[in-house]
Amino acid sequence: MPDNLSGPSRVVAVANQKGGVGKTTTVINLATSLAVEGYRVLAVDVDPQGNLTSGLGLRGRRGDAGTIYEALLTEVAPDGCLLATQVENLSLIPADRNLTGAEIELVSVPVREHRLRRLIDPLRARFDCIFIDCPPSLGLLTLNALVAADAVLIPLHCEYFALEGLADLVATMRRVRSSLNPHLDIEGVLLTMYDERTNLGQLVARDVREFFKEKVFNTVIPRNVRLGEAPSHGIPAVLYDAKSRGAAAYVALAKEMLTRHAA
Ligand SMILES: Nc1ncnc2c1ncn2[C@@H]1O[C@H](COP(=O)(O)OP(=O)(O)O)[C@@H](O)[C@H]1O
Ligand SMILES: [Mg+2]
């Protein structure tokens, strides 16, 4: 792989307010693919469902100072909530159910949109790439992710309503850019759960490319049963079955991301 995340670290929020579009799967497998290549990677679970945490086999685990909940709502050292994972070079800030209350509790916290940025900025020096796994909403947690990030990666499930609701995400990003984070970029739009056997998948892919143009990754993630199975074993699919089409697609995505940054 090209060596081009070795400059300043890149913070990527993986966001789409729809659930089940492949956000968490993308964070797990993209982060792991880069870590396996030797990049220092941090994955941050900002979803109260904690799927990123359990998908990495760390459900119920807390850092010395707790989880992302404590990190956002109390005064802890930025590295107090870091956990090592089974993947060399990949660290995690875990989440659990406590985070459900954070959306409401954050409302009364000073500079409530900047809490995650305040946590992540001091960690940039220690990682080449930091991925934030957002919850399926455009609430304060996702807003915190957009303020902390350099760019947003948007997974889109190749189905009929794929583009519906995206206007809201794009509008939120525009609002964030105009005030809280002027440099927020689009990392790319990722077509997920693509089924080439259906016309619908092809039609949706064409529409999405027409709308987002070169922002759409060339790499498309196929619907693949291994990607669905791996989380129940707490192992990233790219390690669980490295030969599967799903795993290969995520490895290709990591390469494409690196190549884009080299250009
Ligand atoms: N390409 C894929 N093929 C098959 N199943 C997938 C694929 N991507 C994700 N899944 C499964 O679909 C469900 C939703 O994916 P997930 O990544 O959790 O979405 P989100 O984080 O957007 O809610 C999970 O059970 C996951 O394992
Ligand atoms: Mg998720």
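Reading guide: rules and limits
Residues numbered from 1 in each chain as written. Chains lettered and ligands numbered in written order. Predicted model: local features only at pLDDT ≥ 70, side-chain atom pairs only at ≥ 80, totals over all residues. Helix = DSSP H or I, 4+ residues; strand = E, 2+ residues; numbered from the N terminus. Rg over C-alpha atoms; globule rule 2.2 N^0.38 Å. Buried ≥ 20, exposed ≤ 12 C-beta atoms within 10 Å, placed from the backbone. Contact = placed C-beta atoms within 7 Å. Expected span 1.5 Å × (residues − 1). Near = placed C-beta within 6 Å. Pairing = 2+ DSSP bridges. Axes fitted to C-alpha atoms, helices over the stretch in contact; angles between N-to-C directions. Arc of directions from axis to C-beta. Parallel < 35°, antiparallel > 145°, perpendicular 65-115°, else oblique. Left-handed = near helix turned anticlockwise from the far one by under 90°. Nonpolar A, V, L, I, M, F, W, Y, C, P; charged D, E, K, R; others polar. Core = buried A, V, L, I, M, F, W, Y, C linked by C-beta atoms within 7 Å.

Trainee: Please give an account of the overall build of the chain that cites residues and values.
Mentor: Summing up its helical and strand segments, the chain has 11 helices and seven strands in all. Here the chain has a C-alpha radius of gyration of 17 Å; the compact-globule value for 263 residues is 18 Å, and the two agree. Relative to its 263 residues, the chain shows a buried fraction of 46%. Residue pairs in contact within the chain that sit at least 24 positions apart in sequence constitute 77% of those at least 6 positions apart.

Trainee: Any details on helix H11 (residues 245–262)? Residues and values, ideally.
Mentor: The end-to-end C-alpha distance of H11, which contains 18 residues, comes to 26 Å, matching closely the 26 Å that a straight helix rising 1.5 Å per residue would cover. Residues Gly246, Ala247, Ala249, Tyr250, Val251, Leu253, Ala254 and Met257 constitute the buried set of H11. Close packing links the buried residues of H11 with helix H1 (23–36), strand S7 (185–192), helix H9 (225–233) and helix H10 (237–240).

Trainee: Now, about unusual backbone geometry: what can you tell me, with residues and values included?
Mentor: Its identity as a non-glycine residue notwithstanding, Met193 has a phi of 50 degrees, on the positive side. If you trace the backbone, Met193 turns up in the loop between S7 and helix H8 (199–212). The buried category is assigned to Met193, around which 23 C-beta atoms lie within 10 Å. In this structure, Lys213 takes a positive phi of about 50 degrees despite not being glycine. Along the polypeptide, Lys213 turns up in the loop between H8 and H9. Note on Lys213: 9 C-beta atoms within 10 Å, which makes it exposed.

Trainee: Talk me through the site of ligand 1; I want residue IDs and the actual numbers.
Mentor: Lining the immediate environment of ligand 1, one finds 18 residues, of which Lys23, Thr24, Thr25, Leu227 and Gly228 sit closest. When contributions to the shell around ligand 1 are tallied by element, the ones reaching two or more residues are H1 and H9.

Trainee: Which residues make up the sheet that holds S7, and what values do they have?
Mentor: On the basis of which strands lie adjacent, the open sheet formed by seven strands has the order S3-S4-S2-S5-S1-S6-S7 and mixed pairing. Unpaired on one side and paired on the other, strand S3 (83–84) and S7 mark the two borders of the sheet. As defined by bridge partners, strand S2 (residues 41–45) adjoins strand S5 (residues 129–133) across five bridges and the pair is classed as parallel. Within the sheet, the bridge partner assigned to Asp45 lies in S5 and is Asp133. Its contacts with the sheet put helix H6 (residues 140–148) on strand S1 (10–14), S5 and strand S6 (151–157), and the angle it makes with S1 is roughly 155 degrees.

Trainee: Residues and numbers for H8, please.
Mentor: In this model H8 runs 20 Å from its N-terminal to its C-terminal C-alpha over 14 residues, within 8% of the 20 Å that 1.5 Å per residue would give. Residues of H8 that are buried: Gly201, Val204 and Val208. Down the axis of H8, the sector holding all buried residues measures 70 degrees, keeping them to one side. Set apart from the buried face of H8 by more than 90 degrees, the exposed residues are Asn199, Leu203, Arg206 and Glu210. Residues of H8 that are buried sit in contact with S6 and S7. Two residues or fewer past H8, Lys213 is found with a positive phi of approximately 50 degrees.

Trainee: Describe the environment of His157, naming the residues involved and giving the relevant values.
Mentor: Looking at where His157 falls in the secondary structure, it is placed in strand S6. The class of His157 is buried, set by 20 C-beta atoms lying within 10 Å. Separated by 137 residues in the primary sequence, His157 and Gly20 place their C-alpha atoms 7.9 Å from one another.

Trainee: Residues and numbers for the packing of H1 against H11, please.
Mentor: In the contact formed by H1 and H11, the axes pass within 9 Å of each other and the chain directions differ by 65 degrees. Between H1 and H11, the crossing angle belongs to the class labelled roughly perpendicular. Regarding H1 and H11, the two cross each other, and that crossing is right-handed. On the side of H1, the interface is formed by Asn29, Leu30, Ser33 and Leu34, while H11 contributes Tyr250, Val251, Leu253 and Ala254. Tallied by class, the residues present in the contact of H1 with H11 amount to six nonpolar, two polar and no charged.

Trainee: Hey, could you go over the nonpolar core for me, with residue numbers and the actual values?
Mentor: By size, the foremost hydrophobic cluster in this structure holds 81 residues, and its most contacted members are Phe131, Ile132 and Ala145. Those residues in contact with Ala145 that lie beyond four places of it in its chain are Ala13, Ala15, Val46, Leu116, Ile132 and Cys134.

Trainee: Give a detailed account of the pairing of S6, specifying residues and quantitative values.
Mentor: Of all seven residues in S6, six are buried, a share of seventy percent or more. When S1 meets S6, the two strands line up parallel, connected through three bridges. Bridge pairing in S6 links Val12 to Ala151. Inspection of the sheet shows S6 paired to S7 by seven bridges, in the parallel sense.

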